[in-house]
Amino acid sequence: MSDGDELLTLAGLHVEIGERTIVSGLDLSVQAGRITALVGESGSGKSISAMSTIGLQPPGARVAGSARLRGDELVGRSAGDLRRIRARRVGTVFQEPGRSLSPVMTVSAVFRDVLAVREDLRGRERVRERTAELLAAVGLPDPGRTAGSYPHELSGGELQRVIIALALAGDPELLIADEPTTALDVTVQRGILELLRRIVAEREVGVLLITHDMGVVGEIADTVVVLKDGAVREAGTLRQVLTDPQDTYTRELLTAVPRLEESVAARAQIVPPEVPEGAPPAVRVEGLSVEYRRRGASHRALDDVSLEIAPGHIHGLVGESGSGKSTWGKAIAGLVPVTAGTVELDGVDPSARGRAERRRTYARLGMVFQDPASSLNPRRTIGWSIAEPLHLAGHAPRGGTEARVREALELVQLPGSYASRLPHELSGGQRQRVSIARALIHGPSLLIADEPTSALDVTIQAHVIDVLREAIAGAELACLFISHDLAVVGSLADHVTVLRQGRVVEQGPTARVLGDPRQEYTRNLLASVPDPERRLHEDDPAPA
Amino acid sequence: MSLALQRIARSLGVLVVVLTLTYAIFYLTPVDPALRMCGKPCSPEDLEAARGFMGFDTPWWNQLGTFFLGIVAGRTYGSAEAAVQCAAPCLGYSFQYHQDVTGLLAERFPITLSIALGAIVLQSVLGIGAGMLAARRPGSLLDRVVTALSVVSASAPAFVVGLLAVVVVSLRLGWLPSGGYEPFLDGPVEWARHLILPWTTLAFIYGGIYARLVRSSMIEQLGLDYARTARAAGLPERRIDRYALRNLAVPLVTLIALDVGALLAGAVITERIFGLPGLGALLLDATSTADLPVIVGATFLGSLLIVLANLSADLLRPVLDKRLADGGRRRRHDSTPSAPTPQETAS
């Protein structure tokens, strides 16, 4: 395939909803056999741009400008025309494969309908054969089993391959992939990215990749367009954008991406605070097992795991989905029943104590969860939410809370005036800082942070991590930092535990575990982390 | 499978409890059935004899046992020449109708069944159809008409709708008979002509709930990720509507089962308005004449039908949604590290 074979050309694409301009003048082109990445953070208008070209803009949106698919203008076409174009010429892959298929239909039933529309294929036997062919083409080892399955019987990675197979039905010219790997584990993500790269090479389709992740861009894109607030900030080849970004926002985006090697190296320079002699660890977990029972069958979420965190230290807990890392955090907080083993907080085992003392012990915990939008009461002021732990713990000096809320807000670098605001008046990153302030206000000795930055954009994530690091250092408390993101853990934690299917794979100082992993699994996990610049170091930057 | 058995056992338990509680009305009402039968003047000896004949001369637990036994094996009232046979399944004997309760119920049941089946078909088709049409374009004229109608229907009492229908369609326009029942076997056309008004009345009253449920759930379903995937694949909206409806099967089956049960147990007011001698009318009559055995029998049959309808919904749900059959089992996890397939290594 020669360069310059224009497949999709957007020129001055404009999208408005009501009075608001969502996208203003987007220019972009996708070549056959190439991947163009449209990069931006949440709210940048990247998904709406792509969806508007194929008639899937939200109701009430007005689309103007030009979008040509091999010369055919798409803007202004009738809904019926656009549906036929989607059916015949475009394949689409979305985020969240778990929700992308109807939960009450088998995979084969979906293929039957899709093949009828996209390939005019009918007849049980022919549909079955073509389904198997497509499923095999996306690397699913047992197409027969997959076709007979319901979505809940398949893993996230398998489901995303099924979605890609659906998108490939009808041999489309263009593939739109909207955050195709965002909801997946890194090792699974690597497989999907390899698959996309292979499809592009074999089928000569052009891909419009929508993503927020510079790592993903670096792994597979050829051309990059950076979008912010609906406007293009930078466009160019991958090499240009990565090595010589012209725009300040692009540079900000690139520096915000946590780099594993750098962060581990930087982390190694930081000496964790001295642990005072004889002081008990903030938390000690020994031989902990947690079992869930469902209809007779039992599932071991955690199997004989142990850890110890000294005051002032941050312990990173990494693992993929289903590894049991969140269960571990909940078990420490007494939120799930423990099957075996002990948990001690400041040398006290709360489960062995009476009700009053158990409450007092658990009051020494602070927790921060993933989604800041749903963990704050939308009808209460920020100040009320932050002060809540004080009221619950029963030692709320009337009138004194106001000063302490202010202090807590300062700790997370928010102005004290925010106390009177409501959650919806704050951005996602600010809300997460409020959650941290709430977790710290009563002076806990252990902070459990479960994926506190996973729902945030990279530039905001970087800031929240800085805030968290300083707040912890200032308060001299211990922290259990639970995350799937190795780079984030590498930049923050003193010690790391790698968890897999409820068992500890590797445990030790961060620099050792992530810098010089002893276990195959850890090495594999580290190798799967997408690196924006990996392909730049290769001799031939273009994919084969 | 064991889950199905569990459900069936639970339904049986419910029936026994309902029957026991219903039977208690013999002891809770001031009515003495024996006194009614004894005649006037009623001497203490006659009353005692009547008691014995009707089986009220033994302790309550013995009576309850005899009652349950009668359902399984039948029973005999009185003895010798005056004996009255009540064949299994014997739900008691009405000394007012001079007929066993089972026979009374069996006479009335076809009428109630006719009303219920027609009404349920009509109300599901109309309600679900209207809801789907309204959901296609929320805010459109059609949507507003459907929404308004469903509010009216949900708040209109049966006697108002039924009486209006009789007055306008039968008395004013003379299009349909105003009441009465013609057996199906005597001619399906007359049978249907007599039932059209009760069917529409019931369908109008219950259908609004369907329309509202389907409308709001369809709008929600059509905004979900799977609908977007289907739309992006180029499937026509009609097909995506069917996907959404398929996802509503579980709540709809639950709702329909409740209504089927309620309608089979007897549409009391509707039967009265249209002069249909079904189970509802029987229950109403028995209540006004304090015919306790009939009340107990009709209540029992009603609860049996409601329990059966709900049981079938329970058994159907896991078939309609495989996730329920798997007991919310967790999604398979990606086996890591993912072994590259041969093709991937080759490329």
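Model, not experiment: these values are computed from the prediction.

The rules behind each value
Residues numbered from 1 in each chain as written. Chains lettered and ligands numbered in written order. Predicted model: local features only at pLDDT ≥ 70, side-chain atom pairs only at ≥ 80, totals over all residues. Heavy atoms only, no water. Helix = DSSP H or I, 4+ residues; strand = E, 2+ residues; numbered from the N terminus. Rg over C-alpha atoms; globule rule 2.2 N^0.38 Å. Buried < 20%, exposed > 50% of the residue type's maximum accessible area, 1.4 Å probe, protein only. Core = buried A, V, L, I, M, F, W, Y, C linked by side-chain atoms within 4.5 Å. Contact = heavy atoms within 4.5 Å. Salt bridge = Lys/Arg side-chain N within 4 Å of Asp/Glu carboxyl O. Disulfide = S-S within 2.5 Å. Pairing = 2+ DSSP bridges. Axes fitted to C-alpha atoms, helices over the stretch in contact; angles between N-to-C directions. Arc of directions from axis to C-beta. Buried area = accessible area lost by both parts, 1.4 Å probe. Nonpolar A, V, L, I, M, F, W, Y, C, P; charged D, E, K, R; others polar. Domains from an automatic or database assignment. Polar contact = N/O pair within 3.5 Å; in protein donor to acceptor, adjacent residues only side chain to side chain. Patch = residues over 30% accessible without salt bridge, like charges linked within 9 Å, V, L, I, M, F, W, Y side chains within 5 Å. Areas by Shrake-Rupley, 256 points an atom, 1.4 Å probe, with all protein chains shown as cover. Phe/Tyr/Trp six-rings, centres within 6.5 Å; stacked < 30°, edge-to-face > 60°.

**What about the overall build of chain B?**
Next, step 1: Within chain B one finds 17 helices and four strands.
Next, step 2: At 27 Å, chain B has a C-alpha radius of gyration far larger than the 20 Å of a compact globule built from 347 residues.
Next, step 3: In terms of its C-alpha atoms, chain B occupies a principal-axis envelope of roughly 100 × 60 × 35 Å.
Next, step 4: The burial tally for chain B puts 44% of its 347 residues in the buried class.

**What to know about the nonpolar core**
Next, step 1: Residues Phe111 and Ile164 of chain A are the most contacted members of the largest nonpolar core, which totals 136 residues.
Next, step 2: For this core, the element with the most residues is helix α6 (residues 101–136) of chain B, which contributes 11 residues.
Next, step 3: When sequence neighbours within four positions are dropped, the list of residues in contact with isoleucine 164 of chain A reads Val93, Val138, Ile192, Leu195, Leu196 and Ile199 of chain A.
Next, step 4: Counting 49 residues, the second largest nonpolar core, distinct from the first, contains Val186, Cys479, Leu492 and Leu526 of chain A.

**Some words on unusual backbone geometry**
Next, step 1: Despite not being glycine, arginine 70 of chain A has its phi angle at roughly 45°, a positive value.
Next, step 2: By the element assignment, arginine 70 of chain A lies in the loop between β4 (61–69) and β5 (72–73).

**Description of the pattern of salt bridges**
All names here are of chain A.
Next, step 1: Evaluation of the coordinates by the stated rule reveals 44 salt bridges over all chains.
Next, step 2: Between arginine 70 and glutamate 173 there is a salt bridge; the shortest N-O distance is 3.5 Å. In this pair, arginine 70 sits in the loop between β4 and β5 while glutamate 173 sits in the loop between α6 (156–168) and β7 (174–178), placing the two residues 103 residues apart along the sequence.
Next, step 3: Classification of arginine 70 by relative accessible area gives partly exposed; the value is 39%.
Next, step 4: In this structure, arginine 518 engages aspartate 516 in a salt bridge whose closest nitrogen and oxygen atoms are separated by 4.0 Å.
Next, step 5: Residue classification places arginine 518 among the exposed residues on the basis of a relative accessible area of 52%.

**What about helix α12 (residues 325–332) of chain A?**
All names here are of chain A.
Next, step 1: Taking burial as the measure, the eight residues of α12 include six buried ones, the bulk of the element.
Next, step 2: For α12, the set of buried residues is Lys325, Thr327, Trp328, Gly329, Ala331 and Ile332.
Next, step 3: Glycine 334 sits one or two residues past α12 and shows a positive phi near 75°.

**Some points on the state of the cysteines**
One way to say it: the disulfide is the covalent bond shared by the sulfur atoms of two cysteines.
Residues and elements named next belong to chain B.
Next, step 1: Taken as a whole and judged by the stated rule, the model has one disulfide over all chains.
Next, step 2: Note that cysteine 86 is cross-linked by a disulfide to cysteine 90, the S-S spacing being 2.1 Å. Its torsion about the S-S bond being 105°, the disulfide of cysteine 86 and cysteine 90 is classed as right-handed.
Next, step 3: By relative accessible area, cysteine 90 is classed as buried at 1%.

**Let's talk about the sheet that holds strand β9 (residues 223–228) of chain A**
Picture the strands of a sheet paired through backbone hydrogen bonds; they go either parallel or antiparallel.
Residue and element names in this part refer to chain A.
Next, step 1: The six strands lie next to each other as β6-β7-β8-β3-β9-β10, forming an open sheet whose pairing is mixed. Edge positions in the sheet fall to β6 (90–93) and β10 (231–237), since each of these pairs with one other strand and no more. Pairs of neighbouring strands in the sheet enclose a mean axial angle of 15°, with direction left out of account.
Next, step 2: With five bridges connecting them, strand β3 (residues 35–39) and strand β8 (residues 206–211) associate as parallel partners.

**A short note on helix α11 (residues 260–269) of chain A**
Residues and elements named next belong to chain A.
Next, step 1: Among the residues of α11, Leu260, Ser263, Val264 and Arg267 are the ones counted as buried. Relative to the axis of α11, the buried residues are bounded by an arc of 100° and lie together on one face. α11 presents Glu261, Glu262 and Gln269 as exposed residues on the side facing more than 90 degrees away from its buried surface.
Next, step 2: The inward-facing, buried residues of α11 contact α17 (458–475), α18 (486–492), α19 (510–515) and α20 (520–528).

**Re the pairing of strand β13 (residues 314–318) of chain A**
Side-chain direction in a regular strand flips from residue to residue, so the side chains alternate between the two faces of the sheet.
Residue and element names in this part refer to chain A.
Next, step 1: Within β13, five of the five residues are buried, which leaves it mostly tucked inside the rest of the structure.
Next, step 2: Of the two faces of β13, the one carrying Ile314, Gly316 and Val318 and the one carrying His315 and Leu317 are both buried.
Next, step 3: By the bridge criterion, five bridges tie β13 to strand β17 (residues 478–483) in an arrangement that is parallel. Counted as the bridge partner of valine 318 is serine 483 from β17.
Next, step 4: Pairing between β13 and strand β18 (residues 495–500): four bridges, direction parallel. For leucine 317, the partnering residue across the bridge sits in β18 and is threonine 497.

**Thoughts on the interface of chain B and chain A**
Next, step 1: Taken together, the contacts link 36 residues of chain B with 51 residues of chain A.
Next, step 2: Summed over both partners, the interface of chain B with chain A comes to about 3900 Å²; 52% of that surface belongs to carbon and sulfur atoms.
Next, step 3: Inspection of the chain B/chain A interface yields three salt bridges.
Next, step 4: For the side of chain B that touches chain A, the secondary structure elements donating two or more residues are α10 (225–232), α11 (237–247), α16 (322–325) and α17 (342–346) of chain B.
Next, step 5: It is α10 of chain B that contributes the most residues to the side of chain B that touches chain A, six residues altogether.
Next, step 6: Residues that form the side of chain B that touches chain A fall into these classes: 10 nonpolar, 11 polar and 15 charged.

**With respect to the domain arrangement of chain A**
Residue and element names in this part refer to chain A.
Next, step 1: The domain boundaries assigned to chain A delineate domain 1 (6–257) and domain 2 (280–289 + 300–361 + 477–527).
Next, step 2: Relative to domain 2, the C-alpha centre of domain 1 lies at a distance of 37 Å.
Next, step 3: Listed as interface residues are four residues of domain 1 and, on the opposing side, five residues of domain 2.
Next, step 4: Here domain 1 is connected to domain 2 by three residue pairs in polar contact (both at pLDDT 80 or more).

**Remarks on a nonpolar patch on the surface**
Residue and element names in this part refer to chain B.
Next, step 1: On the surface, a cluster of nonpolar side chains totalling about 960 Å² of accessible area is made up of Phe159, Val160, Leu163, Leu164, Val167, Val168, Leu171, Leu173, Trp175 and Ile269.
Next, step 2: Sort the elements by how many residues they give to the nonpolar patch and helix α8 (residues 158–172) lands first, with seven residues.
Next, step 3: Classification of valine 160 by relative accessible area gives partly exposed; the value is 34%.

**Considering the packing of aromatic side chains**
Residue and element names in this part refer to chain B.
Next, step 1: Inspection of every chain in the model, using the stated rule, returns eight aromatic pairs over all chains.
Next, step 2: Between phenylalanine 53 and phenylalanine 95, the ring centres sit 5.8 Å apart and the planes meet at 65°, which makes this aromatic pair edge-to-face. A residue pair is termed long-range when its members are at least 10 positions apart, and phenylalanine 53 in helix α4 (residues 44–54) and phenylalanine 95 in the loop between β3 (93–94) and β4 (99–100) qualify at 42 residues. Each member of the pair, phenylalanine 53 as well as phenylalanine 95, is classed as buried.

**Structural notes on the sheet that holds strand β2 (residues 20–31) of chain A**
All names here are of chain A.
Next, step 1: One open sheet holds the four strands; their spatial order is β2-β1-β4-β5, and the pairing between them is antiparallel. Two strands lie at the open edges of the sheet, namely β2 and β5, each paired on one side alone.
Next, step 2: Pairing geometry for β4 and β5, over two bridges, is antiparallel. In the sheet register, arginine 68 faces β5, and the bridge partner there is glutamate 73.
Next, step 3: Packing of helix α1 (residues 46–53) onto the sheet brings it into contact with β1 (6–17), β2 and β4, and relative to β1 it is tilted by some 115°.

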